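# Fold and geometry: a report
Residue-level listing of the chains:
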Amino acid sequence: MNLIILDRDGVINFDSDQFIKTPDEWKPIPGSLEAIARLTREGWRVVVATNQSGLARGLFEMATLNAIHTKMHKAVGQAGGRIEAVFYCPHSAEMDCGCRKPKPGLLDEIAVRYGRDLRDVPAVGDSLRDLLAAASVGARPLLVKTGKGEKTLAAGGLPENTPVFADLSEAVEFLLKA
Ligand SMILES: [Mg+2]
Ligand SMILES: [Zn+2]
């Protein structure tokens, strides 16, 4: 079973320093929906792991996060793809939870849900913490330059052998060719 883990903001949709607080603010990065659809057609199971500290900060409510994800699922579905599940951390950094990336909690949840370890499972992110979380459980980090990706690349310190792609579309192209 081919499983892939995607970060949300900056990978699937445009990121914002002001947070994505409404369904209207959720706008897909060109090519990302089609890339997920390609994965789905090739039999991959696609899940999302995302830090959503805006919840803890009171910037949006649970119901709004659900509405944002409903929009995302619908958009992906219309493109012919499927996101099976969204795993999110609702905490702020100050809460010191075990699930806010770079902590491995979200990925551990995915491992439990799918009944497998995440060794070599591709995990696509635009921030260092996505890559570190992936590396910490033996998954395979991939960096995209969308979202915070350019800054992440410039700052350095990536896990060893992290490949870098222009965007999700290019990362998926690479994975499907391998
Ligand atoms: Mg991100
Ligand atoms: Zn958390």
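Here, every reference points to the structure presented above.
All residue numbers here refer to positions counted from 1 along the written sequence of the relevant chain. Here every chain gets a letter starting at A, and every ligand a number starting at 1, in the order they are written. With pLDDT at 70 or above as the cut-off, local features in this predicted model cover only qualifying residues; side-chain atom pairs require 80 or more to be listed or tallied, and sums for whole chains, interfaces and linings still use all residues. Think of the side-chain values as coming from all heavy atoms in the structure, minus any hydrogens and water.

## Quick look at the pairing of strand 5 (residues 140-144)
Most of strand 5 is tucked away: 4 of the 5 residues are buried. In the sheet, strand 4 (residues 122-125) pairs with strand 5 via 4 bridges, with the strands oriented parallel. Opposite V124, over in strand 5, you have L142 as the bridge partner. Look down the strands so they point away from you; if going from the first strand over the helix to the second traces a clockwise path, that crossover is right-handed. Numbering goes from the N terminus for both helices and strands, where a helix is a DSSP run of H or I of at least four residues and a strand is a run of E of at least two. Taking the sense of rotation as the criterion, the β-α-β connection linking strand 4, helix 4 (residues 128-136) and strand 5 turns out right-handed. If DSSP finds at least two bridges between two strands, the strands pair. Pairing of strand 5 with strand 6 (residues 164-165) involves 2 bridges; the strand directions are parallel. Bridge pairing in strand 6 links V144 to F165. Note on the crossover from strand 5 through helix 5 (residues 149-155) to strand 6: the handedness is right-handed. Think of it in three bands: residues with accessible area under 20% of the maximum for their type are buried, residues over 50% are exposed, and the middle band is partly exposed, with areas taken using a 1.4 Å probe on protein chains only.

## Considering the sheet that holds strand 3 (residues 83-89)
Across a sheet, strands are paired by hydrogen bonds formed along the backbone, either parallel or antiparallel in direction. Taken in spatial order, the 6 strands line up as 3-2-1-4-5-6 in an open sheet, and their pairing is parallel. Edge positions in the sheet fall to strand 3 and strand 6, since each has one partner strand and no second. Contacts between residues were defined by any pair of non-hydrogen atoms, one from each residue, lying within 4.5 Å. The convention used is that axes are lines fitted to C-alpha atoms, helices contributing only their stretch in contact, and that angles between N-to-C directions extend from 0 to 180 degrees. Of the strands in this sheet, strand 2 (45-51), strand 4 and strand 5 touch helix 4, which is tilted by about 165° from strand 5.

## Describing the pattern of salt bridges
Each salt bridge in this description consists of a side-chain nitrogen of Lys or Arg and a carboxyl oxygen of Asp or Glu lying within 4 Å of one another. One pass over the structure, following the stated rule, counts 8 salt bridges. With a shortest N-O distance of 3.4 Å, E25 and K21 are connected by a salt bridge. Look at E25 and you get partly exposed, because its relative accessible area is 30%. Owing to a relative accessible area of 23%, K21 belongs among the partly exposed residues under this scheme. Salt-bridge contacts for E173 lead to R38; the nearest nitrogen and oxygen are separated by 2.8 Å. Of the two residues, E173 is situated in helix 6 (residues 168-177) and R38 in helix 1 (residues 32-41); the sequence distance between them amounts to 135 residues. Among the charged side chains, a network of salt bridges with common partners joins D7, K101 and D130.

## Description of the coordination of the zinc ion (ligand 2)
Here the coordinating atoms are restricted to nitrogen, oxygen and sulfur within 2.8 Å of the metal centre, or 3.2 Å for Na, K and Ca, and because water is not among them the sites may look incomplete. On the protein side, the zinc ion (ligand 2) has C89 (SG), H91 (ND1), C97 (SG) and C99 (SG) as donor atoms, found 2.0 to 2.3 Å from it. In short, tetrahedral needs four donors with all angles between 85 and 135 degrees, square planar needs four and octahedral six donors with opposite donors over 155 degrees apart and all other angles between 65 and 115, and whatever is left is irregular. Bound by 4 donor atoms, the zinc ion (ligand 2) shows angles of 99 to 119° at the metal and therefore tetrahedral coordination geometry. Of note, the zinc ion (ligand 2) draws all its donor residues from one chain, in the sequence arrangement C-x1-H-x5-C-x1-C. Comparing C89 with C97 shows no difference in burial state: the two are buried.

## A closer look at the coordination of the magnesium ion (ligand 1)
At this site the magnesium ion (ligand 1) is bound by D7 (OD), D9 (O) and D126 (OD), with donor distances of 2.0 to 2.2 Å. Taken in sequence order, the residues that donate to the magnesium ion (ligand 1) follow the motif D-x1-D-x116-D. Taken as a pair, D7 in the loop between strand 1 (3-6) and helix 1 and D126 in the loop between strand 4 and helix 4 lie far apart in primary sequence, 119 residues in all.

## What to know about the packing of helix 1 against helix 6
Direction vectors running N to C along helix 1 and helix 6 enclose 20°, while the axes themselves pass 8 Å from each other. Taken as axis vectors, helix 1 and helix 6 run roughly parallel relative to one another. Both helix 1 and helix 6 take part in a crossing whose hand is left-handed. Judged by residue contacts, S32, A35, I36, R38 and L39 of helix 1 engage L168, S169, V172, E173 and L176 from helix 6. For classification purposes, an angle smaller than 35 degrees is called roughly parallel, one larger than 145 roughly antiparallel, one from 65 to 115 roughly perpendicular, and anything else oblique. The hand of a helix crossing depends on one turn: near helix anticlockwise from the far one by less than a right angle means left-handed, and clockwise means right-handed.

Nothing here speaks to function; it is geometry throughout.
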